[in-house]
Amino acid sequence: MEKLGRGFEVELSDADEAIPEGLPVEEIPEFLSFVKAEAVMKRHNDEDAVVIGSDTIVELDGVIYGKPGDNADAFRMLRALSGRTHRVMTGVTLLRSVPGTGSIISDSFVSITEVTFYDLSDEEIDQYIATGEPADKAGAYGIQGQGAMLVEKISGDYYTVVGFPIAEIGRRLNVIESVNEEEQK
């Protein structure tokens, strides 16, 4: 948001992040971003507020790699991703309340980027895990940190892999704000 030149506050969502059974993989991050944004908006729906919710998943061969439970889980994930191309999907939901109307303007999307890892040795994986960086990252890596050393190439938006596709968010934010201005006239 700083890159967009906008002030912001971070609020954690208390949303239930249970994924409905049978939901296609490509729809999961958008679903999760919506439930997170909706939970936060409930705290602000009487205000002139914009809430942005996002959620990122890593997927390879139909398997979702979330945040690792421990170092052994991180090792398992990184071993699976080694030498392979996987998809990073970030879902984003923008909600804007229109004061005095009780209405909410909504926009959601999923941005998908393909990431290819180098072939990683067990020693490289262990060294990366020892940094502590994988602990809270989907797929057990952060491209914006030391995890960048694992990545051979990406095809798509770097910021999708970071978890916040800033350019598309900025464009959609401009649209959602202009809709709000038109409704207030």
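As a starting point, this report considers the structure included with it. Throughout this document, residue positions are counted from 1 along each chain, in the order its sequence is written. Selection of residues for local features in this predicted model requires a pLDDT of at least 70, selection of side-chain atom pairs for listing and counting requires 80 or more, and totals for whole chains, interfaces and linings are taken over all residues. Side-chain metrics rest on all non-hydrogen atoms present in the structure, leaving aside hydrogens and water.

1. Focus on the environment of Q144
And then number 1: Helix and strand definitions here come from DSSP, where helices need a minimum of 4 consecutive H or I residues and strands a minimum of 2 consecutive E residues; each element is numbered from the N-terminal end. Summarising the element assignment, Q144 is placed in the loop between α3 (122-130) and β5 (151-155).
And then number 2: Summary of the burial criterion: residues with accessible area below 20% of their type's maximum are buried, those above 50% are exposed, and those between are partly exposed, where the area comes from a 1.4 Å probe applied to protein chains only. For Q144, a relative accessible area of 43% corresponds to the partly exposed category.
And then number 3: Considering only alpha carbons, one finds Q144 and Y159, 15 residues apart in sequence, at a separation of 9.0 Å.
And then number 4: Those residues in contact with Q144, other than ones at most four positions away along the chain, are K137, Y158 and V162. Whether two residues touch is decided by their heavy atoms; if any such pair falls within 4.5 Å, the residues are in contact.

2. Comments concerning the sheet that holds strand β2 (residues 63-65)
And then number 1: Ordered by their spatial adjacency, 5 strands build an open sheet running β2-β1-β3-β4-β5, and the pairing between neighbours is antiparallel. Since the sheet does not close on itself, it has two edges, and those belong to β2 and β5, each with one partner. This sheet shows a mean twist of 30° between the axes of neighbouring strands, independent of strand direction.
And then number 2: Axis definition: a line fitted to C-alpha atoms, limited for helices to the stretch in contact. Angles are taken between N-to-C directions and run from 0 to 180 degrees. Most of the contacts of helix α1 (residues 28-41) go to strand β3 (residues 85-98), to which it runs at about 30°, and overall it touches β1 (50-60), β2, β3 and β4 (103-117). At least two bridges found by DSSP between two strands is the condition for calling them paired.

3. Observations concerning the nonpolar core
And then number 1: The criterion is simple. A nonpolar core is a set of buried Ala, Val, Leu, Ile, Met, Phe, Trp, Tyr and Cys residues joined through side-chain atoms within 4.5 Å. Counting 21 residues, the largest nonpolar core has V58, L78, V115, F117, Y141 and L150 as its most contacted members.
And then number 2: With 4 residues, helix α2 (residues 71-81) is the single largest residue contributor to this core.

4. Examining the pattern of salt bridges
And then number 1: Salt bridge criterion: a side-chain nitrogen from Lys or Arg within 4 Å of a carboxyl oxygen from Asp or Glu. Counted under the stated rule, the structure contains 14 salt bridges.
And then number 2: With a closest N to O distance of 2.9 Å, E177 and R6 form a salt bridge. Note that E177 is positioned in helix α5 (residues 166-184) and R6 in the segment before α1, a separation of 171 residues in sequence.
And then number 3: Residue class for R6 comes out partly exposed when judged on its relative accessible area of 25%.
And then number 4: Note that D136 and K137 form a salt bridge whose closest N and O atoms lie 2.9 Å from each other.
And then number 5: Here the salt bridges do not stand alone but share partners, grouping R6, D48, R96 and E177 into one network.

5. Concerning the side chain of T113
And then number 1: As for its placement among the helices and strands, T113 is situated in strand β4.
And then number 2: For T113, a relative accessible area of 0% gives the class buried.
And then number 3: Sequence-distant contacts of T113, defined by excluding residues within four places in its chain, comprise H86, R87, V88, I154, S155, G156, D157, T160 and V161.

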